[in-house]
Amino acid sequence: MAQALPVKFKNLCNRTVGVWQDRSGDRESMHQLKPGATYAINTRPGLRFCVALDEGGGGGAGCERPLAVFTITQGRYLYAYDPREKDEATELPEPEEPVGAADASVLAAWLEERRQAAAYFETTGRHWMAHPGRVSPQLPMRAAERVGDELEVRTSETPSRSLQLTVVSTAPRVFVVKNFLSAEEASKLIELGRDRIERSSQRGRVSSSRTSSNAWLSRGSAPVTEVLFRRAADVLGIDEARISDDSSSSGLCEPIQLVHYAPGQKYDAHYDWSEAEPNSRFATLLLYLNEPELGGSTAFPTTVHTMEEPLALHPGAGGAVLFYNHLPDGNADVNSLHAALPVVRGEKWLANFWVWDPVRGQVA
Ligand SMILES: O=C(O)CCC(=O)C(=O)O
Ligand SMILES: [Fe+2]
């Protein structure tokens with residue numbers, strides 16, 4: 001993972017395509033892209049991806065007849081499929097059906113996006129990974145100046161609690177909160193969702209990179225979910241009224257996602273942010289509801305920190321981890337890459353609490 005390389009794929013044709021990762025003939029569907037859509041991921045030099053027609057929303061052509069094949073190279077971050085550009089290096093068969101260029105408006109927006117991204121790179125040295133229309137966060141971000149810094153938060157509940165946030169990484173900003181919830185609260189949360197968990201998906205698709213099961217628990221489903229929403233708001237420094245999970249009002253949160261991992265189950269390195277729209281998951285609060293016997297930590301493979309190399313955390317039953325998926329300038333944080341390492345022995349129960357900025361969009 002040390003070589004993690006953030007890249008963007010772009011669809012500049014007039015058809016919906018799929019992006020597949022090709023591991024020596026073993027192809028995994030990564031994402032479906034409508035005309036003009038972008039898909040950003042972290043990958044490694046040398047990995048191969050293919051682009052193929054995929055209008056069925058499922059396996060599609062399975063990349064048997066690719067429109068383009070890309071091998072990731074160090075130093076290149078944009079991989080656009082444009083049918084007007086013939087790739088001389090790889091001799092591909094003609095597509096079964098004609099594929100044309102995307103609309104003029106898509107192509108013009110792409111030129112403008114590239115111009116802005118080049119200007120951003122010029123001033124910051126970073127690639128622009130978020131949606132081109134994304135602005136600086138409206139919500140506050142907890143400061144993380146030095147690893148080991150501590151911050152005390154008093155919760156607004158009765159009786160009030162004192163929670164300690166400890167900085168464990170400055171890029172991305174990651175904090176550990178010990179004793180975020182009691183054993184009783186954790187078991188109530190598990191009981192609320194235990195009978196409803198279903199195989200997890202990733203961006204709407206079942207994927208071999210995320211093998212857990214999960215269920216959704218809305219804020220109003222029980223006294224314990226209400227208390228946890230309020231406490232999460234205090235930890236995040238946000239007014240509890242703003243973090244409602246009611247998507248029809250201005251709620252910024254998703255319902256709590258209760259996740260279960262059996263032995264061997266995991267979630268490979270991924271981002272919680274998305275480049276699909278200007279609004280995105282801004283902050284992630286992970287609640288650890290039990291402690292697996294072995295394995296099941298959350299790893300941050302590309303973080304910049306000094307405590308541990310690489311960073312892998314399980315704060316124990318009742319603990320929480322807060323991290324920000326974005327930078328103060330609005331760009332997505334490529335260092336927020338994280339993974340749920342496989343559970344080796346025992347089981348793992350976790351709750352995801354996602355806060356969006358500037359407004360909640362589609363739950364992937
Ligand atoms: O289980 C974990 O440790 C992390 C889960 C996660 O990153 C996710 O569900 O997005
Ligand atoms: Fe995640």
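Above: the structure in question.
Residues numbered from 1 in each chain as written. Chains lettered and ligands numbered in written order. Predicted model: local features only at pLDDT ≥ 70, side-chain atom pairs only at ≥ 80, totals over all residues. Heavy atoms only, no water.

> Lay out the environment of Leu285 in plain terms, naming residues and giving numbers.
Mapped onto the secondary structure, Leu285 falls in strand β15 (residues 280–288). If we ignore the near neighbours within four places in the chain, the residues touching Leu285 are Phe180, Ala232, Val235, Ala320, Val321, Leu322, Ala351, Asn352 and Phe353. (Helix = DSSP H or I, 4+ residues; strand = E, 2+ residues; numbered from the N terminus. Contact = heavy atoms within 4.5 Å.)

> Outline helix α3 (residues 223–236), supporting the account with residue identities and numerical values.
Over its 14 residues, α3 extends 20 Å from the first C-alpha to the last, a length consistent with the 20 Å expected when each residue adds 1.5 Å. Here α3 lies mainly inside the structure; 10 of its 14 residues are buried. Here α3 has its buried residues at Val224, Thr225, Leu228, Phe229, Arg231, Ala232, Ala233, Asp234, Val235 and Leu236. Two residues or fewer after α3 comes Gly237, characterised by a positive phi angle close to 75°. (Expected span 1.5 Å × (residues − 1). Buried < 20%, exposed > 50% of the residue type's maximum accessible area, 1.4 Å probe, protein only.)

> Describe the nonpolar core, naming the residues involved and giving the relevant values.
Membership of the largest hydrophobic core comes to 40 residues, with the highest contact counts inside it found for Phe180, Leu285, Leu289, Leu322, Phe353 and Val355. Where this core is concerned, the elements lending two or more residues are β9 (162–169), β10 (174–177), α2 (183–193), α3, β13 (256–261), β15, β19 (320–324) and β22 (348–357). Broken down by element, this core gets its largest block of residues, seven residues, from α3. Contact partners of Val355, with chain neighbours within four places excluded, come to Leu139, Leu236, Ile238, Leu252, Cys253, Ser280, Arg281, Phe282 and Ala283. Within the second largest apolar cluster, 20 residues are counted, among which are Val19, Leu33, Tyr79 and Tyr81. (Core = buried A, V, L, I, M, F, W, Y, C linked by side-chain atoms within 4.5 Å.)

> Hey, could you go over the coordination of the iron ion (ligand 2) for me, with residue numbers and the actual values?
At the metal site, the iron ion (ligand 2) is ligated by His270 (NE2), Asp272 (OD) and His338 (NE2), and these contacts range over 2.0 to 2.2 Å. Summarised as a motif, the one-chain spacing of the donors to the iron ion (ligand 2) is H-x1-D-x65-H. Note that His270 is positioned in strand β14 (residues 267–270) and His338 in strand β20 (residues 338–340), a separation of 68 residues in sequence. Judged by its relative accessible area of 8%, His270 falls in the buried class. Here His338 falls in the buried class, since its relative accessible area comes to 5%. (Donors = N, O, S within 2.8 Å, 3.2 Å for Na, K, Ca; no water.)

> Mind laying out the pairing of strand β5 (residues 48–53), listing which residues take part and the relevant values?
In terms of burial, β5 is largely enclosed, as five of its six residues are buried. Pairing of strand β2 (residues 17–23) with β5, which is carried by six bridges, proceeds in the antiparallel orientation. Its bridge partner being in β5, Gln21 is matched across the sheet by Phe49. Strand direction decides the pairing type here: β5 and strand β6 (residues 68–71), joined by four bridges, are antiparallel. Note that in β6 the partner of Val51 across the bridge is Ala68. (Pairing = 2+ DSSP bridges.)

> I'd like a description of the packing of aromatic side chains, backed by residues and values.
Going through the model one piece at a time under the given rule, you end up with 12 aromatic pairs. Arranged with centres 6.2 Å apart and planes meeting at 40°, the rings of Phe9 and Phe70 form a pair that is tilted. Taken as a pair, Phe9 in strand β1 (residues 5–11) and Phe70 in strand β6 lie far apart in primary sequence, 61 residues in all. Pair check on accessibility: Phe9 and Phe70 agree, each one buried. Judged by centre distance (6.3 Å) and plane angle (85°), the rings of Phe175 and Tyr324 are edge-to-face. Taken as a pair, Phe175 in strand β10 and Tyr324 in strand β19 lie far apart in primary sequence, 149 residues in all. Neither residue differs from the other here; Phe175 and Tyr324 are each classed as buried. Joined through ring pairs, the aromatic side chains of Phe9, Tyr39, Phe49, Phe70 and Tyr79 make up one cluster. In this arrangement the basic side chain of Arg231 is found over the ring face of Phe180, its NZ or CZ atom lying 5.8 Å from the centre. A cation over an aromatic ring shows up here: Lys348 above the ring of Tyr261, its NZ or CZ 4.5 Å from the ring centre. (Phe/Tyr/Trp six-rings, centres within 6.5 Å; stacked < 30°, edge-to-face > 60°. Lys NZ or Arg CZ within 6 Å of the ring centre and 35° of its normal.)

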